[in-house]
Amino acid sequence: MHVAKMMLTVLCSVGRWRQLKVPRGPPEAMSMTDFVVLVAGLVGFHPSKAQPLPGTQKLWEGLLSLNNNILGYEAALAEGARREDPANG
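Residues numbered from 1 in each chain as written. Predicted model: local features only at pLDDT ≥ 70, side-chain atom pairs only at ≥ 80, totals over all residues. Heavy atoms only, no water.

Draft legend 1. Structural context of the overall build of the protein. Of the regular secondary structure elements, the protein holds three helices and zero strands. In the protein, the order of α-helices and β-strands from amino to carboxyl end is α-α-α. Based on the C-alpha atoms only, the size of the protein along its principal axes is roughly 60 × 25 × 20 Å. Counting over 89 residues, the protein shows a buried share of 27%. Put simply, of all contacts in the protein between residues at least 6 apart along the chain, 36% involve residues at least 24 apart. Of the roughly 6,400 Å² of accessible surface on the protein, a fraction of 59% belongs to carbon and sulfur atoms. (Helix = DSSP H or I, 4+ residues; strand = E, 2+ residues; numbered from the N terminus. Buried < 20%, exposed > 50% of the residue type's maximum accessible area, 1.4 Å probe, protein only. Contact = heavy atoms within 4.5 Å. Areas by Shrake-Rupley, 256 points an atom, 1.4 Å probe, with all protein chains shown as cover.)

Printed below as a string of structure tokens:
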């Protein structure tokens, strides 16, 4: 799976699981603003009229959280492939 597509897929999955507003449509069609707000939402950012976009600290914390989720997703994929491999018996 392409890295950017995997990142967007994981972001949307985790966002839905945490009951964040995930934009409709395929993850690849997400705007940059939607992406930034969703990443910051992983660590508790809620957009408002006064502050529609997160600061750099919240965005950085969100990216670290997203990176951990991606590593977990990759590990789950590897474990699933290992279990399905007939060579492992």
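Draft legend 2. Looking closely at the pattern of salt bridges. The full count for this structure, using the stated rule, is three salt bridges. Between Glu 79 and Arg 82 there is a salt bridge, with its nearest N and O atoms 2.7 Å apart. Placement of both Glu 79 and Arg 82 in helix α3 (residues 56-84) is noted, with a separation of three residues, approximately one turn of the helix. Members of the salt-bridge network, linked through shared partners, are Glu 79, Arg 82 and Arg 83. (Salt bridge = Lys/Arg side-chain N within 4 Å of Asp/Glu carboxyl O.)

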